[in-house]
Amino acid sequence: MTTDLLVLVALGALAFFLQNVGAFSHIAAQPAAGLMWGVGNRDEGPTLAPWAARAGRAHRNLLENLPHYTIIVLVLAVAGRADAFTATASLVYLGARAAHAAVYAAGIPYVRTLAYYTGVAAEIALLTRVF
C-alpha cells in the first residue's frame, strides 16, 4: 500500500475522531439530559462550548475537502504514479489537516488559515503528478 493511501486511511481516522468529539461534546453539554439527547430525536441541539462548536466546523471542513483528495490519491494509485514526491505531499496534507483541526478547535484564527492553505498547496502538488 502506498503512503498516499495510508494517509487517506489516517484522514478517515481523523474524520472519525472529530465526529465523535462532536457527539460526545453534545452529550457532555447536558450532563442531566445528555444521554437522552444522544439517543433521542435531536430536534434541538444543546448549546456547545465554543471549542466543541469549532471542532464540529473543523469536521465539516475536513469532510468537504476529503472527496477531492481521495479522488486524486486513487487516480495516482490506479495510474501507478504514486512516488516519493506524492508521499511527501500526502504527509504534508495530513499534517496540515490535523493542524487545521487542532488549531480550529483551539480558536487560533491565522494559524488555522495557514494550515488550510498548506493543505491546498499539498493537493496542488499532488495534482501535478496526475497530469
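Residues numbered from 1 in each chain as written. Predicted model: local features only at pLDDT ≥ 70, side-chain atom pairs only at ≥ 80, totals over all residues. Heavy atoms only, no water.

**Structural notes on helix H5 (residues 109–130)**
Structurally, the α-helix is built with 3.6 residues per turn, so residues lying three or four positions apart point the same way. Where we set the bar: Runs of E in the DSSP output that reach at least two residues are strands. Runs of H or I that reach at least four are helices, and both are numbered from the N terminus. Under the convention used throughout, the expected extent of a helix is 1.5 Å for every residue step, that is, one less than its residue count. Between buried and exposed lies partly exposed: a residue is buried under 20% and exposed over 50% of the maximum accessible area for its type, with that area taken using a 1.4 Å probe on protein chains only. This arc corresponds to the set of directions leading from the helix axis out to the C-beta atoms. The contact criterion used throughout is that any non-hydrogen atoms of two residues lie within 4.5 Å.
Here H5 spans 32 Å end to end across 22 residues, near enough to the 32 Å set by a 1.5 Å rise per residue. Every buried residue of H5 is listed here: Ala115, Gly119, Ala122, Glu123, Ala125 and Leu126. All buried residues of H5 lie within an arc of 155° about the axis, which places them on one face of the element. Opposite the buried face of H5, at more than 90 degrees from it, the exposed residues are Tyr110, Leu114 and Tyr117. Where H5 is buried, its residues contact helix H3 (50–79) and helix H4 (84–106).

**Considerations on the confidence of the model for the protein chain**
Test applied: For every residue, the predictor states its confidence as a pLDDT score lying anywhere from 0 to 100.
The predicted model of the protein chain averages 90 in pLDDT, with 89% of residues at 70 or higher. Predicted confidence in the protein chain is weakest over helix H2 (residues 34–39), with a mean pLDDT of 65, and strongest over H4, with 98.

**What about the packing of H3 against H5?**
The condition that has to hold: A fitted line through C-alpha atoms serves as each axis, taken over the contacting stretch for helices, and the angle formed by two N-to-C directions is quoted from 0 to 180°. Should an angle fall under 35 degrees it is called roughly parallel, over 145 degrees roughly antiparallel, and 65 to 115 degrees roughly perpendicular, with every other angle called oblique. Crossing chirality is assigned from the near helix's rotation relative to the far helix, an anticlockwise turn below a right angle marking it left-handed and a clockwise turn marking it right-handed. Here the term charged refers only to Asp, Glu, Lys and Arg, the term nonpolar to Ala, Val, Leu, Ile, Met, Phe, Trp, Tyr, Cys and Pro, and the term polar to all other amino acids, Gly among them.
It is at 9 Å that the axes of H3 and H5 come closest, and there the two elements cross at 20°. By the angle between their axes, H3 is roughly parallel relative to H5. Of the two possible hands of crossing, H3 and H5 adopt the one that is left-handed. On H5, the residues that touch Asn61, Asn65, His68, Tyr69, Ile72, Val75 and Leu76 of H3 are Tyr116, Glu123, Leu126, Leu127, Arg129 and Val130. Split by residue class, the contact of H3 with H5 holds eight nonpolar, three polar and two charged.

**Let's talk about the pattern of salt bridges**
Our working definition: We define a salt bridge as a side-chain nitrogen of Lys or Arg found within 4 Å of a carboxyl oxygen belonging to Asp or Glu.
Throughout the structure, instances matching the rule amount to one salt bridge. Taking the shortest distance from any N to any O, the salt bridge between Arg129 and Asp83 comes out at 3.3 Å. On the criterion of sequence distance, the pair formed by Arg129 in helix H5 and Asp83 in the loop between H3 and H4 is long-range, its members being 46 residues apart. Its relative accessible area of 33% is what places Arg129 among the partly exposed residues. Judged by its relative accessible area of 32%, Asp83 is partly exposed.

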